[in-house]
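Coordinate inspection notes
The lines below spell out each chain.
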Amino acid sequence: MRMSDRRVGLWLIGAFGGVASTACLGLAALCRGLMDDASLVTALPLFDALDLDKPGNFVIGGHDIRRSTYQQAIAELHTRSNVFDADVIKACAADLERWTANVRPGTVLNAGDTIARLAELPEVQRAETARAALERIQQDMAAFREANRLDQVIVANVASTEPPFELAEVHGSMERLRPALEQRNVPILPASSLYAWAALDLGFPYINFTPSLGASFPAIQQLAEERGAAYGGKDGKTGETLLKTVLAPMFAARNLRILSWVGHNIFGNRDGLVLDDPHNKESKIRTKDQVISQIVGYKPQTHVSIEYIESLDDWKTAWDHIHFRGFLGVKMTMQFTWQGCDSILAAPLLLDLARLALFSQRQGEAGVLRHLACFFKSPMGVAEHDFFKQFSMLEDYVHSKK
């Protein structure tokens, strides 16, 4: 099949969130030649020889727990955070309206109290078993594929961060886990893992752009292998952690001893509101506070804080203080401030991951997509956090496919 004839679906968990909405607007704008390909990694010459899907190949759908539309979500970002061009929004209105019709009510089952309070649709609050929620979700995904006559579908989780979910023996195999799905009022799986299960069971590739559990446990990985489905994650690396994984290798290569690394993050979007809950925040800090030690080979004193500052809206700001020791024991300091629009940084990476994962599926690949490590704070199946070594893994993969 020619690439121009292919129809692929991008099913978004957290469909009306900032990242998903920005990705949708970006796809529509790219189709119309209203923007360039800045920030799209897969637009680099490295990827020219790969048969990657073009923006016009995509159809959007998804799950959400709030009442909204893509037009409303984008208008909110435009007003509150002063992003997007009004003419671009107007020109893409037809696509946004059409894709809004594909969004279905999700679930808040075991997603935590803070996320549950965001829910506006009565359907998402059903007192149902994990199996019932899973089957409902899966029916929505399958119907999306059939109604739009799609050759492939990829599912990506860009929803709010869930609290940490503790695994037990039951999560070690599908044989033990399947019967447990029938239990009522027992937290067998969080919502993120129900979405992941639904996707992988259908043979759809799955990407977890969040720190939530998703597909990060043995039983569901067994399912992915059985279905020949690929998956990757977790927690998109867009800002402060990206800089950590770029700067830490410099300190290691120059044999400068890091004594302490303190990072303070402030932002005001909906994800920031969710992370204002200490339980949800714990999931995020776990992925942000692990990279330095792995890269330099020892454990400096580190501290990561995340605070919700409503007035900042989608503009994420990070201040980092690095204390290090050099020649003759002299102590020195490096500081940096990073400020970026969270959704603008994340959305192109989401599109990159969708294109690459769909390509991998067409290559017959199953299991964890280790070559996507450079996109994540906590890359599945990869212990390496050095950004340059991670990107070399991606380069090697691309060269192997030419």
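In case you missed it, the structure is sitting above this.
How each quantity is defined
- Residues numbered from 1 in each chain as written.
- Predicted model: local features only at pLDDT ≥ 70, side-chain atom pairs only at ≥ 80, totals over all residues.
- Heavy atoms only, no water.
- Pairing = 2+ DSSP bridges.
- Helix = DSSP H or I, 4+ residues; strand = E, 2+ residues; numbered from the N terminus.
- Salt bridge = Lys/Arg side-chain N within 4 Å of Asp/Glu carboxyl O.
- Buried < 20%, exposed > 50% of the residue type's maximum accessible area, 1.4 Å probe, protein only.
- Disulfide = S-S within 2.5 Å.
- Polar contact = N/O pair within 3.5 Å; in protein donor to acceptor, adjacent residues only side chain to side chain.
- Contact = heavy atoms within 4.5 Å.
- Axes fitted to C-alpha atoms, helices over the stretch in contact; angles between N-to-C directions.
- Core = buried A, V, L, I, M, F, W, Y, C linked by side-chain atoms within 4.5 Å.

**Topic: the sheet that holds strand E4 (residues 152–157)**
Ordered by their spatial adjacency, seven strands build an open sheet running E3-E2-E1-E4-E5-E6-E11, and the pairing between neighbours is parallel. Two strands close off the open sheet at either side, each with one partner strand: strand E3 (103–105) and strand E11 (367–368). Of the pairings in the sheet, the one linking strand E5 (residues 206–208) to strand E6 (residues 230–233) comprises three bridges and is parallel in character. Paired with Asn-208 across the two strands is Gly-233, which belongs to E6.

**Focus on the pattern of salt bridges**
Counting across every chain of the model gives 15 salt bridges. Residues Asp-235 and Lys-377 are paired through a salt bridge, measuring 3.5 Å at the closest nitrogen-oxygen approach. Placement of Asp-235 in the loop between E6 and helix H10 (240–253) and of Lys-377 in the loop between E11 and helix H15 (387–401) is noted, with a sequence separation of 142 residues between them. Among the residues examined, Lys-377 registers a relative accessible area of 3% and is labelled buried. A salt bridge links Lys-316 to Asp-342; the nearest nitrogen and oxygen atoms lie 3.1 Å apart. With a gap of 26 residues between them, Lys-316 in strand E9 (residues 315–325) and Asp-342 in helix H14 (residues 342–362) connect regions that are remote in the sequence. A relative accessible area of 13% means that Lys-316 is categorised as buried. Within the structure, one salt-bridge network assembled from shared partners comprises Arg-6, Asp-51, Asp-53 and Arg-362.

**Side note on the state of the cysteines**
Scanning the entire structure with this criterion turns up zero disulfides. Looking at Cys-92, it has no disulfide partner, and the nearest cysteine sulfur is the one in Cys-31, 8.4 Å off.

**Comments concerning the side chain of Thr-100**
By the secondary structure assignment, Thr-100 is in helix H4 (residues 93–100). A polar side-chain atom of Thr-100 sits 2.8 Å from the main-chain carbonyl oxygen of Leu-96. Excluding residues that lie within four positions of it along the chain, Thr-100 makes contacts with Phe-16, Ser-68, Thr-69, Tyr-70 and Gln-71.

**With respect to the sheet that holds strand E10 (residues 331–341)**
The sheet built from four strands is open, its strands ordered E8-E7-E9-E10 with mixed pairing. With partners counted over all chains shown, the strands left at the sheet margins are strand E8 (301–308) and E10, one partner each. Taken pair by pair, the neighbouring strands of this sheet meet at an average axis angle of 10°, ignoring direction. Its contacts with the sheet put H14 on E9 and E10, and the angle it makes with E10 is roughly 80°.

**Looking at the nonpolar core**
Nonpolar side chains in soluble globular proteins tend to be buried together. If you look at the biggest cluster of nonpolar residues, it comprises 106 residues, and the most contacted ones within it are Leu-10, Leu-12, Phe-47, Tyr-70, Met-141, Trp-197 and Phe-375. The biggest single contributor to this core is H14, with 11 residues. Residue contacts for Trp-197: discarding those within four places in its chain leaves Leu-134, Gln-138, Met-174, Leu-177, Arg-178, Leu-181, Leu-189, Ile-220 and Leu-223.

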